[in-house]
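# Examining the three-dimensional arrangement
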Amino acid sequence: GTCIFYRNNFRSSAKDLGNFTSFELLSSYFTFRDSHLLIVVVYRPGSEPITCTFFTEFTDLLSKVVCYSRDLFILGDINIYLDQDIADTRRFNNLLSSHGLVQLVTGPTHRHGHTIDVVITRSTSLINNLTVASPSLSDHSVITFLTCHKLPTIPFKKLNAVVINHSTGQTS
C-alpha cells in the first residue's frame, strides 16, 4: 500500500490521475503559503513481472503529471533493479529522461542490496540532504530529504521622501 504523512499546516487535496492495473498510486497536491507541490506515491509489486503494461501505464502517468506547472515529486517502490544495467532499468531511465525527470536515489534501498525505491523530480535543485538509512524495521530503507522552496519576492518601491499635504490629503 501507499500513504503520505504531512504536517497539518499544509493544505492538501487528492488528485485523481487515473486507474492503473500494474501499480498502486496515491497523489496529492500540497500548498503551503505560496509554495505548491504535487506528490505522487507509486508502488509496483515485486511479486509481479515487469511488463509492457507497466511501461505503458507509467508513461501515461508521467504524461499527466509533467503537465503540472508546479514542483513535482514521484516517490515509491517500483521494484526495478535501478542499480543494474538491464533492459528494464534502461527503459525506465529513458522514460524519465524523455519527460524531463531525474531519479535521485543511489545506493541500495532494500536489504537484499538493490536500488528499487525512487525519488523522482524535475530538478535536482529541489532536493537537499537526501539520505538512505539502512533497513531496520522493514526490508526497505527509509529515504529522507529536505525540499528547497524559494520564498516569493515581494516587489517594493523605495521612496526617498514623501510629503503629505494634510489639508488636501495629496502626496508629492
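Preceding this section is the structure that the text describes.
Before going into details, it helps to say that this report is about the structure given with it. (Residues numbered from 1 in each chain as written. Predicted model: local features only at pLDDT ≥ 70, side-chain atom pairs only at ≥ 80, totals over all residues. Heavy atoms only, no water.)

### What to know about helix 2 (residues 87–98)
Here helix 2 is 12 residues long and its end C-alpha atoms lie 16 Å apart, about the 16 Å a rise of 1.5 Å per residue gives. Directly beyond the C-terminal end of helix 2, a positive phi value near 75 degrees is found at Gly100. (Helix = DSSP H or I, 4+ residues; strand = E, 2+ residues; numbered from the N terminus. Expected span 1.5 Å × (residues − 1).)

### Some thoughts on the packing of aromatic side chains
Here the structure, examined in full by the defined rule, presents 7 aromatic pairs. Centre to centre, the rings of Phe54 and Phe58 are 5.4 Å apart; their planes meet at 25 degrees, and the pair counts as stacked. With a gap of 4 residues between them, Phe54 and Phe58 both fall in helix 1 (residues 52–65), about one helical turn apart. Accessibility classification places Phe54 together with Phe58 in one group, the buried group. Ring centres of Phe58 and Phe92 lie 5.4 Å apart, and the angle between their planes is 35 degrees; this geometry places the pair in the tilted category. A residue pair is termed long-range when its members are at least 10 positions apart, and Phe58 in helix 1 and Phe92 in helix 2 qualify at 34 residues. Owing to a relative accessible area of 1%, Phe58 belongs among the buried residues under this scheme. (Phe/Tyr/Trp six-rings, centres within 6.5 Å; stacked < 30°, edge-to-face > 60°. Buried < 20%, exposed > 50% of the residue type's maximum accessible area, 1.4 Å probe, protein only.)

### Considerations on the side chain of Thr31
Mapped onto the elements, Thr31 comes out in strand 2 (residues 24–32). A distance of 3.4 Å separates polar atoms of two side chains, one belonging to Thr31 and the other to His36. (Polar contact = N/O pair within 3.5 Å; in protein donor to acceptor, adjacent residues only side chain to side chain.)

### What about the nonpolar core?
With 24 residues, the main nonpolar core has Val40, Phe58, Leu61, Leu62, Val65, Ile74 and Phe92 as its most contacted residues. Contributing elements (two or more residues each) for this core: strand 3 (35–43), helix 1, strand 4 (71–77), helix 2 and strand 6 (117–121). With 6 residues, the single largest contributor to this core is helix 1. The contacts of Leu61, once residues within four sequence positions are left out, are Leu17, Phe20, Phe23, Leu25, Val40 and Val42. Counting 11 residues, the second largest nonpolar core, distinct from the first, contains Leu37, Val105, Val119 and Ile127. (Core = buried A, V, L, I, M, F, W, Y, C linked by side-chain atoms within 4.5 Å. Contact = heavy atoms within 4.5 Å.)

### Digging into the sheet that holds strand 3
Pairing is mixed across the open sheet formed by 6 strands, whose spatial order is 1-2-3-4-6-5. Either end of the sheet is taken by a strand with one partner, and the two such strands are strand 1 (11–14) and strand 5 (102–103). Pairing of strand 2 with strand 3, which is carried by 9 bridges, proceeds in the antiparallel orientation. When the sheet's bridge partners are listed, Phe32 is paired in strand 3 with Ser35. Sheet contacts for helix 1: strand 2, strand 3 and strand 4; angle to strand 3, the most-contacted strand, approximately 175 degrees. (Pairing = 2+ DSSP bridges. Axes fitted to C-alpha atoms, helices over the stretch in contact; angles between N-to-C directions.)

### Details of the pattern of salt bridges
On inspection of all chains with the given rule, the structure shows 2 salt bridges. When the shortest N-O distance is used, the salt bridge between Asp60 and Lys64 registers 3.6 Å. With Asp60 and Lys64 both in helix 1, this residue pair falls 4 residues apart, about one helical turn. Accessibility expressed as a relative area gives 32% for Lys64, which makes it partly exposed. Asp85 serves as the salt-bridge partner of Arg90, at 2.7 Å between the closest nitrogen and oxygen. The exposure class assigned to Arg90 is partly exposed, which follows from its relative accessible area of 41%. (Salt bridge = Lys/Arg side-chain N within 4 Å of Asp/Glu carboxyl O.)

### Re the packing of helix 1 against helix 2
It is the contact of helix 1 with helix 2, at a shortest axis distance of 11 Å, that shows an interaxial angle of 15 degrees. The orientation of helix 1 with respect to helix 2, classified from their angle, is roughly parallel. The crossing of helix 1 and helix 2 is right-handed. Residues Cys52, Phe54, Phe55, Phe58, Thr59 and Leu62 of helix 1 pack against Asp88, Arg91, Phe92, Leu95 and Leu96 of helix 2. Along the lines of polarity and charge, the residues of the contact of helix 1 with helix 2 split into 8 nonpolar, 1 polar and 2 charged. (Parallel < 35°, antiparallel > 145°, perpendicular 65-115°, else oblique. Left-handed = near helix turned anticlockwise from the far one by under 90°. Nonpolar A, V, L, I, M, F, W, Y, C, P; charged D, E, K, R; others polar.)

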